[in-house]
Amino acid sequence: MSSFKIAIIGAGSVGFTKKLFTDILCVPEFRDVEVALTDISEHNLSMIKSILDKIVESNNLPAKVTASTDRREAIAGARYIISCVRVGGLAAYADDIRIPLKYGVDQCVGDTICAGGILYGQRNIPVILDFCKDIRELAEPGAKFLNYANPMAMNTWAALEYGKVDTIGLCHGVQHGGEQIAEILGAKDGELDYICSGINHQTWFVDVRLKGRRIGKDELVAAFEAHPVFSQQEKLRIDVLKRFGVYSTESNGHLSEYLPWYRKRPEEITRWIDMSDWIHGETGGYLRYSTETRNWFETEFPQFLKDAEKPIDPARRSNEHASHILEALETGRVYRGHFNVRNNGVITNLPSDAVIESPGFVDRFGINMVAGITLPEACAATCISSINVQRMSVHAAVSGDIDLLKLAVLHDPLVGAICTPEEVWQMVDEMVVAQAEWLPQYAHAVPAAKERLSKATIKTREWNGVARREVRSVEELRAEKEATKLKAAS
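As the structure is a computational prediction, the values presented were derived from the model and not from experiment. Sequence order as written defines the numbering, with residues in each chain counted from 1. Reporting in this predicted model follows two pLDDT cut-offs: at least 70 for local features of residues, and 80 or more for side-chain atom pairs to be given and counted; totals over whole chains, interfaces and linings ignore these cut-offs and use all residues. Side-chain measures were taken over the full set of non-hydrogen atoms in the model, leaving aside hydrogen atoms and water.

A. A look at the overall build of the protein. Secondary structure elements are defined from DSSP: runs of H or I of at least 4 residues count as helices, runs of E of at least 2 residues count as strands, and each element is numbered from the N terminus. Counting its secondary structure elements, the protein contains 21 helices and 13 strands. With the principal axes as the frame, the protein shows a C-alpha extent of 65 × 55 × 50 Å. With residues, only the protein chains shown are counted as cover, and all accessible areas are computed by Shrake-Rupley using a 1.4 Å probe. For the protein, the exposed surface amounts to about 19800 Å²; the carbon and sulfur share of it is 51%. Where the 56 positive side-chain charges of the protein centre and where its 66 negative ones centre are 1 Å apart. His is not counted, nor are the chain ends, whereas Lys and Arg count as positive and Asp and Glu as negative. Taken as the charge location is NZ of Lys, CZ of Arg, CG of Asp or CD of Glu.

If you want it as C-alpha cells, here you go:
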C-alpha cells in the first residue's frame, strides 16, 4: 500500500493526539504513514512531536512526523484531516459558563447546546470554514475531514453545508455508554450488541442485545439500580430510562443540560447529580476540571516520553473511531461504528438537514449508514428541540446575524425554561462583547451591544451555583480521584 498523509489540527492536545497516532500505527499497512501536526502553540507542538518521534524511533518504523504552526502547510497533500481544536481556549470557555450563570442558567459542561455551547459554536464555525477552504484548495482531491471538536453537530453541519467538504463527526459517547451497559449486565467482550441512534450527546440505545437476547427497559433499570456506583452517579440518566424507555449515551451532567426539567431550579439540581466527579452534574464542573488540569501534560511529559519507548501493542488500540475508519477506507476491512453525518432520511422522524449520530459501516466505498431507523417519539421530540437550536446557531454563525443568534439562545430548552426574552437579549450581548476577539462575524454588532449594556436595567445574580466546588490543585484532584476509585473497588 502506498503511503498517504494525515493532518491533525489542534495537535497540541497532547494526550489525545498521542492516542490517535498510536492507534493509526496499530494498522500494519499504515506503518509508513506521514502525520503532519499543526497547532497555534509552538510549545505544545514541540512536546507532542518529541513524543511521536520517540514512538516511531522505538518501534523502528518508517512513519514520518512533521510539525508546523502553518496550518496550510500541514494540510497540503493530506488525504485525511482531523480536527480537535478548542477556539478561545479556557478564557472564552469561562465566559460560556460564568455569564449564563449570572442569569440563572446553570450548566455542567456547556459545549453542545445551552448558551455556552451555542457561543462555542459561534467561535468554532468561522475557523472550521477556514479549515474547509484550506482542504478544498490544498488537500488531496476527495480528502475527508474528521471532526472531533465540539459542538460536534454544529461544526459538522457547518462543514457540510457551507464548507463543502466530505466531513464525518466523531465522538466516543456511544462507546462509553455501551461500556456501562456491558458492566451492569456482566457482558464479556463480544457478547453485547446495540443500535444507538439520535444526535450527538443525545443518542439513544434503541436496541440492546446480550448474546442475541433483547434486553428491555425493566431489566436495564433493575441492573442500573443494583449497581453500587452507577446507581448514585447516573440518577438522572436512570430516571430518563424509566420515563423514555431507553438509555441515553450522555453523562448525567451533560444530559441534565438538554432536558430542562432537571436543571431549571437550584433546589432541584442536587436531587439528580452526584458530586464524586465533575461529569455527574457539578455546576461548571468541566470548566473547573479543565482549569485544574490545564497543564497536566507538562508534569506528565517525562512519563509520556518514557512510555513512547515501549513497543506498540495492537491489542491496546483504543475504541476511538478515527484509525478504524481509515483502516476500512484504505484496506476494505469493514468497520461498524456510530458516526455524525447529515441525516438525509437515515432516521425517519428527524429532519433531513440535521446532523445525526447513528450506526454505519465503512469499507473502501465510504461510510454506509444504516437507514430506516425510527426513534421513540419522546427521543425524537427531545432531539428535534436541539436540532432547531443547532440550525439557527449555524446559520447565525455564518451570517453574523446577532438577532438570529439571540433567537437560537431563546429557543434553547434550558435557557427558555429559565430566562425571559429580555434576559436572553442582554445575556447574549454580554457574551458577544466578552468574546469579541473570537467572533469576527459579529464585529459590526459589538458597538451597539456595548451601548445597550451601558443602559441595561436587568440585574444579574451573583449565583455561585448550588452544586459547585472550589477550584483545587491538580494534586488534590488526583488524590480525590484515587480515593473514589478505592471506595468503588471496595
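Additional details are given in the paragraphs that follow.
B. Focus on the packing of aromatic side chains. Working definition: rings of Phe, Tyr and Trp (its six-membered ring) pair if their centres are within 6.5 Å, and the pair is stacked with planes under 30 degrees apart, edge-to-face with planes over 60 apart, and tilted otherwise. Tallied over the entire structure, the rule returns 16 aromatic pairs. Ring plane angle 85° and centroid distance 5.0 Å describe the contact between Tyr262 and Trp272, whose orientation is recorded as edge-to-face. With a gap of 10 residues between them, Tyr262 in the loop between helix H11 (252–258) and helix H12 (266–272) and Trp272 in helix H12 connect regions that are remote in the sequence. With respect to class, Tyr262 is no different from Trp272; both count as buried. Summary of the burial criterion: residues with accessible area below 20% of their type's maximum are buried, those above 50% are exposed, and those between are partly exposed, where the area comes from a 1.4 Å probe applied to protein chains only.

C. A look at the packing of helix H5 (residues 114–138) against helix H6 (residues 152–161). Between H5 and H6, whose axes approach to 9 Å, the crossing angle comes to 35°. In the packing of H5 onto H6, the handedness of the crossing is right-handed. In this structure, H5 uses Gly117, Ile118, Gly121, Asn124, Ile125, Ile128, Leu129 and Cys132 to contact H6, whose residues at the interface are Met154, Asn155, Ala158 and Ala159. Residue composition of the contact of H5 with H6, by class: eight nonpolar, four polar and no charged. Here the axes come from fitting lines to C-alpha atoms, over the contacting stretch only for helices, and the angles between their N-to-C directions go from 0 to 180 degrees. Two helices that cross are described as forming a left-handed crossing if the nearer one is turned anticlockwise from the farther one by less than a right angle, and a right-handed crossing if clockwise. Every residue pair with non-hydrogen atoms within 4.5 Å of one another is taken to be in contact. Charged means Asp, Glu, Lys or Arg here, nonpolar means Ala, Val, Leu, Ile, Met, Phe, Trp, Tyr, Cys or Pro, and polar covers whatever is left, Gly included.

D. Representation of the environment of Ile48 in the model. If you trace the backbone, Ile48 turns up in helix H2 (residues 42–58). Through-space distance from the C-alpha of Ile48 to that of Gly15 is 8.4 Å; in sequence the pair is 33 residues apart. Apart from residues no more than four positions distant in its own chain, Ile48 is found in contact with Ala11, Val14, Thr17, Lys18 and Leu37.

E. Highlighting the environment of Arg86. Among the structural elements, Arg86 can be located in the loop between strand E4 (80–83) and helix H4 (89–102). Look past the residues within four positions of Arg86 in its chain and what remains in contact with it is Tyr93, Tyr120, Tyr286 and Ser290.

F. Local environment of the UniProt feature "domain: Glycosyl hydrolase family 4 C-terminal" (unreviewed entry) in the protein. UniProt positions are given in the numbering used here, feature names are shortened, and annotations may be inferred rather than shown by experiment. In the numbering used here, UniProt assigns the "domain: Glycosyl hydrolase family 4 C-terminal" (unreviewed entry) feature to residues 196–415. For residues 196–415, the end-to-end C-alpha separation is 27 Å, with 47% helix and 17% strand making up the annotated structure.

G. Representation of unusual backbone geometry in the model. Cis geometry is adopted by the peptide bond preceding Pro151, which originates at Asn150 and carries an omega value of -5°. Position of Pro151 among the secondary structure elements: in the loop between strand E5 (144–147) and H6. Look at Cys114: it is not a glycine, yet its phi comes out positive at around 60°. Here Cys114 lies in helix H5. By relative accessible area, Cys114 is classed as buried at 0%. Positive phi outside glycine occurs at Lys211, with the angle close to 50°. Locating Lys211 in the fold gives a position in the loop between strand E8 (202–210) and strand E9 (213–214). According to the relative accessible area criterion, Lys211 is exposed, its value standing at 64%.

H. Here's a closer look at the pairing of strand E7 (residues 192–199). With six of eight residues buried, E7 is to be regarded as a mostly interior element. Pairing of E7 with E8, which is carried by eight bridges, proceeds in the antiparallel orientation. From the neighbouring strand, Leu192 faces E8, where its bridge partner is Leu210. A pair of strands is considered paired only if DSSP assigns at least 2 bridges between the two. A loop of two residues connects E7 with E8, the two strands running antiparallel in sequence, and His201 in this loop sits at a positive phi of about 70°.

I. The side chain of His324, seen in detail. Mapped onto the fold, His324 is located in helix H15 (residues 321–331). Its relative accessible area of 16% is what places His324 among the buried residues. Contacts of His324, omitting those with residues within four sequence positions, involve Arg317, Ser318, Asn319 and Tyr335.

J. Structural detail: the pattern of salt bridges. Salt bridges are counted wherever a side-chain nitrogen of Lys or Arg sits within 4 Å of a carboxyl oxygen of Asp or Glu. Under the definition given, this model contains 30 salt bridges. The salt bridge partner of Glu330 is Arg79, with a shortest N-O separation of 3.0 Å. One end of the pair, Glu330, is in helix H15; the other, Arg79, is in the loop between helix H3 (71–75) and E4, and 251 residues separate them in sequence. A salt bridge links Lys102 to Glu430; the nearest nitrogen and oxygen atoms lie 2.5 Å apart. Of this pair, Lys102 sits in helix H4 while Glu430 sits in helix H19 (residues 421–434), placing them 328 residues apart in sequence. By relative accessible area, which is 18% here, Glu430 ends up buried.

K. How the structure looks around the packing of helix H7 (residues 173–185) against helix H8 (residues 217–226). At a minimum axis distance of 9 Å, the contact between H7 and H8 shows a crossing angle of 80°. Of the possible angle classes, the one that applies to H7 and H8 is roughly perpendicular. Residues Gln180, Ile181, Ile184 and Leu185 of H7 touch H8, and the partners they reach there are Glu219, Leu220, Ala223 and Phe224. Grouping the amino acids of the contact of H7 with H8 by side-chain chemistry returns six nonpolar, one polar and one charged. Roughly parallel means an angle under 35 degrees; roughly antiparallel means over 145; roughly perpendicular covers 65 to 115; every other angle is labelled oblique.

L. The arrangement of H6 in detail. Taken across its 10 residues, H6 has eight buried, putting it largely inside the fold. In this structure, the buried residues of H6 make contact with H5, E5, strand E6 (166–169), strand E11 (335–342), strand E12 (355–363) and helix H16 (377–399).

M. Inspection of the state of the cysteines at higher detail. For the purposes of this analysis, a disulfide is any pair of cysteine sulfur atoms at a distance within 2.5 Å. Enumeration over the complete set of coordinates arrives at zero disulfides. Its sulfur unpaired, Cys26 is 18 Å from the next cysteine sulfur, which belongs to Cys84. You can call Cys26 buried: its relative accessible area is 7%. No disulfide involves Cys108; its sulfur sits 10 Å from that of Cys114, the nearest cysteine.

N. Quick look at the pairing of E5. The two faces of E5 match: Lys144 and Leu146 on one face and Phe145 and Asn147 on the other face are all buried. Judged from the four bridges that link them, E4 and E5 form a sheet pairing that is parallel. Bridging across to E5, Ile82 finds its partner in Leu146. Alignment of E5 against E6, held across four bridges, turns out to be parallel. Of the residues in E6, the one forming a bridge with Leu146 is Ile168.

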